[in-house]
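Working through the structure, step by step
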Amino acid sequence: MTMRSTLPTEPAQSPRKRLKIVLYNPQAVFFTMPLALLAIGSELDPNLYEVVTIDARLDPDAEKAVLSHIGDALCLGITVLTGAPISDALRISRSAKRARPDLPVVWGGWHPSMFSKECLLEQSVDVTVRGQGEETFAEIVDRLAHGRSLDDCAGCTVRLSDGTIQENPSRALAQVDNFRAHDYGLIPVERYFQLKGKRQLDYISSQGCNFRCAFCSDPFVYGRKWVGLEPVRMAMRLKELWDKYHFDDVNFQDETFFTKAGRVEALADRIVESGMKITWAATMRADQGIRLPDHVWVRCKQSGLRRLLVGVESGSNEVLKRIKKDIKIEQVYETAEKMLRFGIAGHFPFIVGFPDESDENVQATLDCAKRLRSMSPEFLTPIFYFKPYPGSALVIEAVERGFRLPETLEEWAKFDYVAGEPGPWVSPEKFELIERFKFFHELAWKKASPGKRLLQRLARYRCNKDNYRWPVEMLFMRWLAPAQTLS
Ligand code: B12
Ligand code: SF4
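Note that the structure is predicted; figures quoted are calculated from it, not measured.

**A closer look at the pattern of salt bridges**
Any two side chains of opposite charge can pair, on the condition that their charged atoms come close. Tallied over the entire structure, the rule returns 36 salt bridges. In this structure, Asp287 engages Arg291 in a salt bridge whose closest nitrogen and oxygen atoms are separated by 3.8 Å. In this pair, Asp287 and Arg291 are both assigned in helix H11 (residues 286-291), 4 residues apart and thus about one turn of the helix distant. Taking relative accessible area as the criterion, Asp287 reaches 6% and is therefore assigned buried. Put simply, Asp356 and Arg401 hold a salt bridge, and the shortest N to O gap is 2.7 Å. A residue pair is termed long-range when its members are at least 10 positions apart, and Asp356 in the loop between strand E15 (350-352) and helix H15 (359-375) and Arg401 in the loop between helix H16 (393-400) and helix H17 (409-414) qualify at 45 residues. The exposure classification of Asp356 matches that of Arg401, with both residues exposed. Several salt bridges share partner residues, and in doing so they unite Glu139, Arg143, Asp152 and Arg171 into one network.

**With respect to the site of ligand 1**
Around ligand 1, the surrounding shell holds 40 residues, and the nearest of these are Thr79, Thr82, Glu134, Gln253 and Glu255. At 3.3 Å from an oxygen atom of ligand 1 is found a side-chain nitrogen or oxygen belonging to Gln207. The contact in question runs from a nitrogen atom of ligand 1 to an N or O atom on the backbone of Gln253, over 2.9 Å. Looking at the shell around ligand 1, the elements that each hand over two or more residues are helix H1 (35-42), strand E3 (73-79), strand E4 (105-108), helix H4 (110-114) and helix H6 (134-145). Ranked by residue count, the leading element in the shell around ligand 1 is H1, at 4 residues. Residues that form the shell around ligand 1 fall into these classes: 21 nonpolar, 15 polar and 4 charged. Residues from two domains meet in the shell around ligand 1; each of domain 1 (19-151) and domain 2 (198-376 + 388-406) gives at least three.

**Let's talk about a nonpolar patch on the surface**
A cluster of nonpolar side chains, Phe476, Trp479 and Leu480, forms an exposed patch at the surface whose accessible area comes to about 410 Å². Accessibility expressed as a relative area gives 67% for Trp479, which makes it exposed.

**Comments concerning the packing of H15 against helix H18 (residues 428-445)**
In contact at an axis separation of 11 Å, H15 and H18 are set at 5° when each is read in the N-to-C sense. Taken as axis vectors, H15 and H18 run roughly parallel relative to one another. Counting all contacts with H15, which are made through Asp359, Val362, Gln363, Leu366, Ala369, Lys370, Arg373 and Ser374, the residues of H18 involved are Lys430, Leu433, Ile434, Phe437, His441, Glu442 and Trp445. In terms of residue class, the contact of H15 with H18 is built from 7 nonpolar, 3 polar and 5 charged.

**Some details on the domain arrangement of the chain**
Interface size is often expressed as the accessible area that is lost when the parts come together. By the assigned domains, the chain splits into domain 1 (19-151) and domain 2 (198-376 + 388-406). On a C-alpha basis, the centroid separation for the pair domain 1 and domain 2 is 29 Å. Contacts between the two partners involve 12 residues from domain 1 and, on the opposite side, 17 residues from domain 2. For the pair domain 1 and domain 2, the summed buried surface comes to about 1100 Å²; carbon and sulfur atoms form 73% of the total. Considering only the side of domain 1, the residues that lose the most area to domain 2 are Leu35, Trp110 and Met114, jointly responsible for 46% of the buried surface there. At the boundary of domain 1 with domain 2, the tally comes to 0 salt bridges. Counting the contacts that link domain 1 with domain 2 gives 3 residue pairs in polar contact (both at pLDDT 80 or more). A per-element tally of the side of domain 1 that touches domain 2 places H4 first, with 3 residues. Within the side of domain 1 that touches domain 2, the residues separate by chemical class into 6 nonpolar, 5 polar and 1 charged.

Thresholds, definitions, all that
- Residues numbered from 1 in each chain as written.
- Chains lettered and ligands numbered in written order.
- Predicted model: local features only at pLDDT ≥ 70, side-chain atom pairs only at ≥ 80, totals over all residues.
- Heavy atoms only, no water.
- Salt bridge = Lys/Arg side-chain N within 4 Å of Asp/Glu carboxyl O.
- Helix = DSSP H or I, 4+ residues; strand = E, 2+ residues; numbered from the N terminus.
- Buried < 20%, exposed > 50% of the residue type's maximum accessible area, 1.4 Å probe, protein only.
- Near = heavy atom within 4 Å.
- Polar contact = N/O pair within 3.5 Å; in protein donor to acceptor, adjacent residues only side chain to side chain.
- Nonpolar A, V, L, I, M, F, W, Y, C, P; charged D, E, K, R; others polar.
- Domains from an automatic or database assignment.
- Patch = residues over 30% accessible without salt bridge, like charges linked within 9 Å, V, L, I, M, F, W, Y side chains within 5 Å.
- Areas by Shrake-Rupley, 256 points an atom, 1.4 Å probe, with all protein chains shown as cover.
- Axes fitted to C-alpha atoms, helices over the stretch in contact; angles between N-to-C directions.
- Parallel < 35°, antiparallel > 145°, perpendicular 65-115°, else oblique.
- Contact = heavy atoms within 4.5 Å.
- Buried area = accessible area lost by both parts, 1.4 Å probe.

Structure representation (structure tokens):
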């Protein structure tokens, strides 16, 4: 006997009237545009559906905004990252369900992709979507609009009428070129510009990643597959958006923007030809950097490339091998040299505190960060503490060795990156050393106001000598301006 889900089976309204779909982005730090909501919202036929997006970062009373819209909505979709956004997603889902118990609530995004069944233990959530969401959400909405059950809708997990949770078969990753262009009219673009303090457009040109880093959730969620927009069409679309929104900068939010050098070259060519006066920033792996021919570097620079984010993770080749980063530290320096040569700024993030990481390997990371930081004032080397984000190979290993992952959504909501918080694999002494290192290197190389020049000279002296003892300057400055926590 086929089980039916608990969702309504009668058409909510006549298919001829546009049905309202409410999409919600929970509280978060920074004002990156809600690209996930744009992606799934734009894929719905605008003749049939009216998409309303609500972003808790913009709306001081987001709950009220959601409640004011759901009365006649077909469903509520929420994008959920692991960590603090879960508690806001829970708050909104529960509130919506209280107001309209029959309203289907759909969660998608990184956390539900990894914990699709567990999320459905929460009674205010009816459906979770795994991985790429455009096709699955469009099908869910279409089925809801026509009163059809979701029991055999691929790509999602549903709670059936008898309370059991059913994981439907996965959906194959679709080419992103098959989807409608993202409709930025669904979000208040100018508000994001205002809040960011710059006319910077966030844009996603690809999904997934071919690599296998053992600390990252991407291989689990996208199965090491990558799909990217065709460059000519993308450049035309960017030009249309530029004509409309007059942005100065594009921040490509792709996991690995430089996956295909030919695609990037063609895009850069078209940006130059289009006459758009923009700069842009993107992600690059160190191995991709050394493979990229010089003429493509030059073209990227001409088209406005201003900054690259190159994940280094560790200064030790031994650790890089263990975390399956599939790069060598020498490749990082080689890519950094190219960036210097072509006048491109860099963010080189590191992670310390992997399980069993030796003191020598932590020191290798600090040495590497120091070397990169001193290569250019435009090179930043943020250091994060390893947090066993779910879905990664290292986490499976840590769990096997007794690390306890959160079990409930409330616990997952507290599992978050907070500035300065070390994982269980960092001793208090190491933590102290790293925090001091971070503070003095930041002070030594960033642009300092005249009042801080003396402190800066002192910091450079400390960094050159690797002497971070008695950090009175740090204590004083932290007392003046306490460090900000994220999320
Ligand atoms: C922008 C961004 C952020 C923004 C989020 C802004 C916002 N909207 O709220 C900020 C800066 C706040 C952020 C913070 C962090 N992030 Co972040 N971030 C990203 C980034 C670069 C882009 C996200 C994006 O817009 N993607 C484009 C859209 C189209 O893709 P998508 O989100 O995957 O959405 C698709 C599907 O997931 C699905 N889907 C998504 N939502 C929904 C909702 C519904 C209803 C449906 C049906 C489907 C669906 O459909 C979409 C289209 O296919 C991603 C990497 C990436 N490229 O995705 C990392 C990423 C999501 N972040 C990650 C991490 C680790 C972090 C941090 C912990 C980093 C740190 N050290 O501080 C923090 C903390 C997060 C937190 N707990 O608050 C991880 C995953 C985390 C996780 N397990 O949840 C990612 C994948 C990067 C990585 N590979 O490690 N991040
Ligand atoms: S860290 Fe970057 S390169 Fe490695 S698997 Fe994740 S997205 Fe891919």
